[in-house]
Number of protein chains: 4
Amino acid sequence: MAWDVDFDSDLHLLHPSDGFEQYGAMSNFRFDEVGVERIVAQLERLGLKQTFFVCGWCLEQYPQVGELLAAGGHEVAHHGYMHERANTQSAAGEHQWLMRGIECIKRTVGVAPRGWRAPSHGFSKQSADLLARAGFLYDSSLSDDEDPYEIQTESGALLELPMDITMSDWPHFAHVPEFGYLMPPKAASDGMRFFEEEFEAAYETGGFLTTVWHPHVSGRRSRVRAWSGFLERLLDRGDVWLTTMESVARHCRSAADSGAWTPRRRTLPYYKETPAAVAEFSKTWRDPARAVRFLE
Amino acid sequence: MAWDVDFDSDLHLLHPSDGFEQYGAMSNFRFDEVGVERIVAQLERLGLKQTFFVCGWCLEQYPQVGELLAAGGHEVAHHGYMHERANTQSAAGEHQWLMRGIECIKRTVGVAPRGWRAPSHGFSKQSADLLARAGFLYDSSLSDDEDPYEIQTESGALLELPMDITMSDWPHFAHVPEFGYLMPPKAASDGMRFFEEEFEAAYETGGFLTTVWHPHVSGRRSRVRAWSGFLERLLDRGDVWLTTMESVARHCRSAADSGAWTPRRRTLPYYKETPAAVAEFSKTWRDPARAVRFLE
Amino acid sequence: MAWDVDFDSDLHLLHPSDGFEQYGAMSNFRFDEVGVERIVAQLERLGLKQTFFVCGWCLEQYPQVGELLAAGGHEVAHHGYMHERANTQSAAGEHQWLMRGIECIKRTVGVAPRGWRAPSHGFSKQSADLLARAGFLYDSSLSDDEDPYEIQTESGALLELPMDITMSDWPHFAHVPEFGYLMPPKAASDGMRFFEEEFEAAYETGGFLTTVWHPHVSGRRSRVRAWSGFLERLLDRGDVWLTTMESVARHCRSAADSGAWTPRRRTLPYYKETPAAVAEFSKTWRDPARAVRFLE
Amino acid sequence: MAWDVDFDSDLHLLHPSDGFEQYGAMSNFRFDEVGVERIVAQLERLGLKQTFFVCGWCLEQYPQVGELLAAGGHEVAHHGYMHERANTQSAAGEHQWLMRGIECIKRTVGVAPRGWRAPSHGFSKQSADLLARAGFLYDSSLSDDEDPYEIQTESGALLELPMDITMSDWPHFAHVPEFGYLMPPKAASDGMRFFEEEFEAAYETGGFLTTVWHPHVSGRRSRVRAWSGFLERLLDRGDVWLTTMESVARHCRSAADSGAWTPRRRTLPYYKETPAAVAEFSKTWRDPARAVRFLE
């Protein structure tokens, strides 16, 4: 299990003029405070260390959260500064906020983060290169595989520990009108069944699986109750490795370096620009203004 | 259980020129008339008093509803005048409509309301202060906790009895095209399972839980049947306190004043303006016009 | 059970320039042809007569459908001419298309329709009056009750046989990108459970229930299989009256006229214009341009 | 079962300026690479040949996918060049890309495709004619029937093997914010139940059924596990024909030619222009600017 701790960061970016007064969404997101307390307490009870991808701004704004995570011995990894999507930033901007997020984490837990997860899946064409240059061990933002693989960049290699958007708790439990996010929340056990079935499939193949959970969603009582019970059952199996992303990455790195494991390798960026064929389409659209409609 | 009684108030605000002729949504919302009758009858059968957050305009437009609630001994609490979002109002406007809603309730039940729930989660930066000044005992609009806590304002303290948007019946059962609210309605038992699981989690921790139900949704036959059965089972347990929000608030107030309970305390407003870091982002967006897109 | 037969009428109205070439939605809607055949065959097997609200244009464009319904002895009721929303029409326009739809039905089944259901819930402020003047016995477009009631108009009385949008099969089974209607289709048995629970609640109170089903949705094999099985179980009960809307309306009319039943009475239109209080809000919005946002 | 292999083609068309850097959606779609490997391996284990509708550009960009499909003996059918909607193309453009897609498939598997499925349901008024002229045996883009039928065009006949949008895995499992596609993903077993019930209904009538599955959705571990189990159960029945679309089409063609089967026949295009009645409505809208609203 991995957690994304965002608080109200994204709300301010999305609604720069009045997000600070949208108390429906904001008080919902600020549940992260209570949520992190509960999650840390549960993990301590279960004897587990986990990974929390935390926005730098959240560590500044809500310092008690970083202290709790540090005291619990959990991994605090990088999740942007203010939940900015890297691919909407200039290259310099992406670099600037990456560095600033690293500083926030260093101040909180004493060491630089080893892993990054792009806020809102906004991995950019230079993200992998920036991460390799900054000494990151792993990324967990991409979905083109289910098992770990190696990213090749001009500045060196990174491990990818893939995530999938459906492993987020948002599509199962969240309902946030201020984000245009209108979804039918599932009962805790119904939503948990999704994650359990994903786990069973990973378990059968001895594979890797990570979550994209949020304290303001899965830190609520009913869901804490659901996933705690599930984790207890996994601990009883005895052959499931419940650990931090960093531990998985170190294990993979070492297995790859020793030759015990040959990771699939993918070179990033996928593209440096729009594929050439797309330009040809500009000549054949019946009505260019309506060409790109998906929904009408 | 707490109910929000809105009738067609919001429809007129959202569609000021032609909402009065959108009979699909309007006749749906006007089901509140039949719904309140049924709910009051069921609650009488079960021997329960509950809280109804009612818009002031609804008490003027549909006086029989206020009479039914008063006759049944239920709490009539404040839910705006016409379901206006306080955070879209000027400070003077918010105050004006708050006062007018208080008058409507006084006329209906003889006493001023003790509690408020912000329509459409539109709690503003001055809402808490206004409520404290107007002598309210509690608010039930925020979601940053699951248990009651104390709000500190410049004008004194308020109790917060937190709600969560997923405890509304809308995301489970409503389908309102005129509001752009397209959702797959759950079967009554499937939707009820959501609320039952939320209750079980609250019950295990001895916690507080409130609903955001609407007579035009949960006053329909199939859902009355579902929640009545559930309430009967809770009454059989013997250790569940089913009461008005005001009773809970008085209990909390008294426990806090006697020192038997130390509530968590939060100071409002959270922010007086947009956090400073947001301005820095205006310098690093690659394309400011597209910077705030969440969905593309 | 009542059916709405729309074919591709609405698609042409919504996309007047290119709807005729949107083959995804169009071929989906034209499944009505196959759907009606199957439904009529199943109803014959079950020995049932039902009501089909059919757009006049569909009777002209797909005459075989009208012939099948007439031959099966089913009620063909009025559902607009081209699925136009009455409340987007001028008063003269609404009258013109109402008359034209009546003519289409007369030509098809030899008699004028006795009932009307507003396409897309677009009942207008003059609809009830127009229906009463045109000699209709009942309307089935409104949702402010679950049991039949009487509508009072300046031109006389009408029976209302209420429907509810969640009794449509669209929110349970349809997925129509061309209409911006993106919904997760339920398995046939899961969707059917919604309707079964609605029925059980109506059954317990001896109440009335109607559906808003469409041949292109509920005429598909998997759903025909689901509702046929359900109807067979209802027939086995022996105390469920499965009949046309017209039969229900005649029964209600007669019970009301004889004094055996005193219907609730509601006067239409609800409003002749926007409620006065709405105008007052124009003075208190903080930012009128953003005042009517429901979602941001 | 039939598969649509699109990779990131559509993303570039929908976001021509920056789709190449939307790594959330892109890495999700590029899972097609891993997905096809797994599907081909499973089908080999089960001893099945299936149909893959593949965009021409994907065969150029990801040649290993075409090689895997060819090596496995699967049918590679036509799915546009870059997932362009034919009905947004000029007639010449549609023809140009149809030819280019044929060339891509010829280069990959040595023979021209015999079947076509319109990307995004964008079948145009000339699609059927173009397919007949190009020697296609069948189309699988339309939804006006569940059983195969014959399309008549000015250039000859085609078989239609109908599909339905709800037989796609997207509405059950996908969640793609970049496409405005926000849906609650079902647990693998819940989504599979939809397809199983559709199958049972087809099985009971001895009918035809095809899927619209995508390797980036149904090639994920949990879903491979679900459908593999289902296919094994079908193989155990012994009377289910699991084969390619081409085999079904050849079987139908032969049965029709021999007179053993008389297919329903439909002439395409349905319309050459917007139905005349639509123009009449321009005279009766109350407010033409708002006439075509479906949602408000």
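Residues numbered from 1 in each chain as written. Chains lettered and ligands numbered in written order. Predicted model: local features only at pLDDT ≥ 70, side-chain atom pairs only at ≥ 80, totals over all residues. Heavy atoms only, no water.

**Student:** What exactly am I supposed to notice about the relation of the copies chain D and chain A here?
**Tutor:** Relating the two copies of this chain is a rotation about some axis coupled with a shift parallel to it. Superposing chain D onto chain A takes a rotation of 90 degrees plus a shift of 0.0 Å along the axis, which leaves an RMSD of 0.0 Å. A rotation of that kind, with that shift, is consistent with a four-fold axis. A low fraction, 13%, of the interface residues of chain D reappear at the interface in chain A, so the copies pair through non-equivalent surfaces. (Least-squares fit on C-alpha atoms with pLDDT ≥ 70 in both. Contact = heavy atoms within 4.5 Å.)

**Student:** What exactly am I supposed to notice about the side chain of Thr-244 of chain D here?
**Tutor:** Residues and elements named next belong to chain D. If you trace the backbone, Thr-244 turns up in the loop between α11 (221-237) and α12 (245-257). A relative accessible area of 8% places Thr-244 in the buried class. At a separation of 2.8 Å, a polar atom in the side chain of Thr-244 contacts the side chain of Ser-247. (Helix = DSSP H or I, 4+ residues; strand = E, 2+ residues; numbered from the N terminus. Buried < 20%, exposed > 50% of the residue type's maximum accessible area, 1.4 Å probe, protein only. Polar contact = N/O pair within 3.5 Å; in protein donor to acceptor, adjacent residues only side chain to side chain.)

**Student:** Looking at this structure, I do not really get the interface of chain D and chain A. What am I missing?
**Tutor:** The parts lose accessible area when they come together, and the size of an interface is often stated as this lost area. Counting from both sides, the interface comprises 61 residues of chain D and, opposite them, 56 residues of chain A. Both faces combined, the contact of chain D with chain A buries some 5100 Å², and carbon together with sulfur accounts for 54% of it. Joining chain D to chain A, the criterion identifies 13 salt bridges. Taken together, the connections running from chain D to chain A amount to 30 residue pairs in polar contact (both at pLDDT 80 or more). Contributing elements (two or more residues each) for the side of chain D that touches chain A: α1 (9-14), α2 (23-29), α3 (32-46), α4 (56-61), α6 (91-109), α9 (188-204) and α11 of chain D. Among the elements that line the side of chain D that touches chain A, the one with the most residues is α2 of chain D, at 5 residues. For the side of chain D that touches chain A, the class distribution of residues is 24 nonpolar, 20 polar and 17 charged. (Buried area = accessible area lost by both parts, 1.4 Å probe. Salt bridge = Lys/Arg side-chain N within 4 Å of Asp/Glu carboxyl O. Nonpolar A, V, L, I, M, F, W, Y, C, P; charged D, E, K, R; others polar.)

**Student:** How do you make sense of the packing of helix α11 (residues 221-237) of chain C against α9 of chain D when you look at a structure like this?
**Tutor:** When two helices pack together, their arrangement is given by the angle between the helix axes and the distance between those axes. Remark: α11 of chain C packs on α9 of chain D, axes separated minimally by 8 Å, with the N-to-C direction vectors making an angle of 85 degrees. By the criterion of interaxial angle, the relationship of α11 of chain C to α9 of chain D is roughly perpendicular. Facing Arg-221, Ser-222, Arg-223 and Arg-225 of chain C of α11 of chain C, the residues of α9 of chain D in contact are Phe-194, Glu-197, Glu-198, Glu-200, Ala-201, Ala-202 and Glu-204 of chain D. A per-class count over the contact of α11 of chain C with α9 of chain D returns 3 nonpolar, 1 polar and 7 charged. (Axes fitted to C-alpha atoms, helices over the stretch in contact; angles between N-to-C directions. Parallel < 35°, antiparallel > 145°, perpendicular 65-115°, else oblique.)

**Student:** Looking at this structure, how should I read unusual backbone geometry?
**Tutor:** Backbone phi values are negative for most residues with the exception of glycine, while trans is the configuration of most peptide bonds. The omega torsion of the bond from Leu-268 of chain A to Pro-269 of chain A falls at 0 degrees, within 30 degrees of zero and hence cis. Note that Pro-269 of chain A resides in the loop between β8 (265-267) and α13 (276-281).

**Student:** Just to check I follow, could you spell out the interface of chain B and chain A for this structure?
**Tutor:** Chain B puts 55 residues into the contact, and the matching count from chain A is 60 residues. Summed over both sides, the interface between chain B and chain A buries roughly 5100 Å², with carbon and sulfur atoms accounting for 54% of that surface. The tally of links from chain B across to chain A stands at 13 salt bridges. Contributing elements (two or more residues each) for the side of chain B that touches chain A: α8 (170-173), α9 (188-204) and α13 (276-281) of chain B. Considering each element in turn, the side of chain B that touches chain A owes the most residues, 8 residues, to α9 of chain B. Considered class by class, the residues forming the side of chain B that touches chain A number 23 nonpolar, 11 polar and 21 charged.

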